[in-house]
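Breakdown of the fold
Spelled out, the chains give:
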Amino acid sequence: MRTRFILIHTSHAGNVGATARAMRTMGFDDLVLVAPRWDNVLRREETIQRASGALDVLEKARIVATLDEALDGLTHLCATAMVSRDFGPPTRAPREHFAQLMQGSEQHVGLLFGSERFGMRNEDVYRCHVALSIPTAPDFGSLNLAAAVQLVAYEWRQALGGFDVRSAAPVTPPADAQAVAGMLAHWERSLVDIGFLDPAAPKKLMPRLAQMFNRAQPTVEEVHILRGIAKAMADQKRLGR
C-alpha cells in the first residue's frame, strides 16, 4: 500500500532528520512537511546529521503550506494522538488498527504527526479515520516525535509483511552422524588415556556425551575443534604433564 508520513508544524530540525532515518529503516520514503518552523529544514545541518544517511528520503521530501496539499491522493488517514478525544475518530493501538486495515481493500495511507509541543490539533484529528495511540506506561506517555514515527513505521511495516532478519554469520550445516560418532570415539580414547573414564566401568558417560552433542548439533569445524581438544588431552598425558 502507498504510505505517506506527514509532519505538521514541526519545530525541531533534528526531528525531521530522525524521522527520515526512522522511515528509511522500515522501507518508506514519502515524507511531507506541513508548514515547518524552518523553510530550509530539509537542508539544515542538524537535519542531515540526524538523518544518518537517509538522504534519499530528505531529497524526495516535500514542504507544503497546508494540510490539504499533504493529503492529496490519500484515502485512509491515521492521526497520532496520545490523548483520546470525546468527539472524533475511534482511538486504537497501531497494531490493532493496522491488522484490521490489511483485511480491507487497497488504501493509500497517510500517517499524520503533530507538532512536538502541542501534538495534533482537534480539527486535524477530526479529518482522520482513526487516532492511533501508542500503548505506553500509564504514568508516562511522553514520546519524542521521531520515536513515535519509528514505532508506527515498524508496526505498519510488520502489518505489510515485515523484513527478514539477516544473520551476520553464515548458516553452517551441522556435521553428519558419522563425523560426530568419530569425534565421540576419539574423546572416549582420550578420556581413558587421562584416567577420566574407566573402560571397565564406563557407566553412562559416553551415551550422555552423545546425547549432549546431538542436542548441540556441532558443525564440521566444531567437530574438528573437539577432536583437537581430545588429541591435546592425550598428548599431554603421554608427555607426563
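As a starting point, this report considers the structure included with it. As a convention, each chain's residues are numbered from 1 in the sequence order in which they are written. In keeping with the model being predicted, local features are shown solely for residues with a pLDDT of at least 70 and side-chain atom pairs are shown and tallied solely at 80 or more, while totals for entire chains, interfaces and linings include all residues. Remark: hydrogens and water are excluded; side-chain values derive from all non-hydrogen atoms of the structure.

Regarding the pattern of salt bridges
Heads up, the rule is: The salt bridge criterion pairs a side-chain nitrogen of Lys or Arg with a carboxyl oxygen of Asp or Glu, the two atoms within 4 Å. Runs of H or I in DSSP of at least four residues are treated as helices and runs of E of at least two as strands, each being numbered from the N terminus. Partly exposed describes any residue whose relative accessible area lies between the buried limit of under 20% and the exposed limit of over 50%, with all areas from a 1.4 Å probe on protein chains only and scaled to the type maximum.
By the definition in use, this model includes eight salt bridges. Residue D29 is joined to K60 by a salt bridge in which the shortest nitrogen-to-oxygen separation is 3.2 Å. One end of the pair, D29, is in the loop between α1 (13-25) and β2 (31-34); the other, K60, is in helix α3 (residues 55-60), and 31 residues separate them in sequence. With a relative accessible area of 48%, K60 lands in the partly exposed category. Between D124 and R121 there is a salt bridge whose closest N-O contact spans 3.2 Å. D124 sits in the buried class, given a relative accessible area of 6%.

Focus: the packing of aromatic side chains
As a reminder, the rule being used: Working definition: rings of Phe, Tyr and Trp (its six-membered ring) pair if their centres are within 6.5 Å, and the pair is stacked with planes under 30 degrees apart, edge-to-face with planes over 60 apart, and tilted otherwise.
Within the structure shown, the criterion is met by four aromatic pairs. Pairing F5 with F113 gives two aromatic rings, centres 6.3 Å apart and planes at 5 degrees, and the pair type is stacked. Of this pair, F5 sits in strand β1 (residues 3-8) while F113 sits in strand β6 (residues 109-113), and the two are 108 residues apart along the sequence. F113 sits in the buried class, given a relative accessible area of 2%. Relative to W156, the ring of F98 has its centre 4.9 Å away and its plane inclined at 50 degrees; by these criteria the two rings are tilted. Highlighted residues: F98 in helix α5 (residues 94-102) and W156 in helix α7 (residues 145-160), separated in sequence by 58 residues. Classification of W156 as buried rests on a relative accessible area of 0%.

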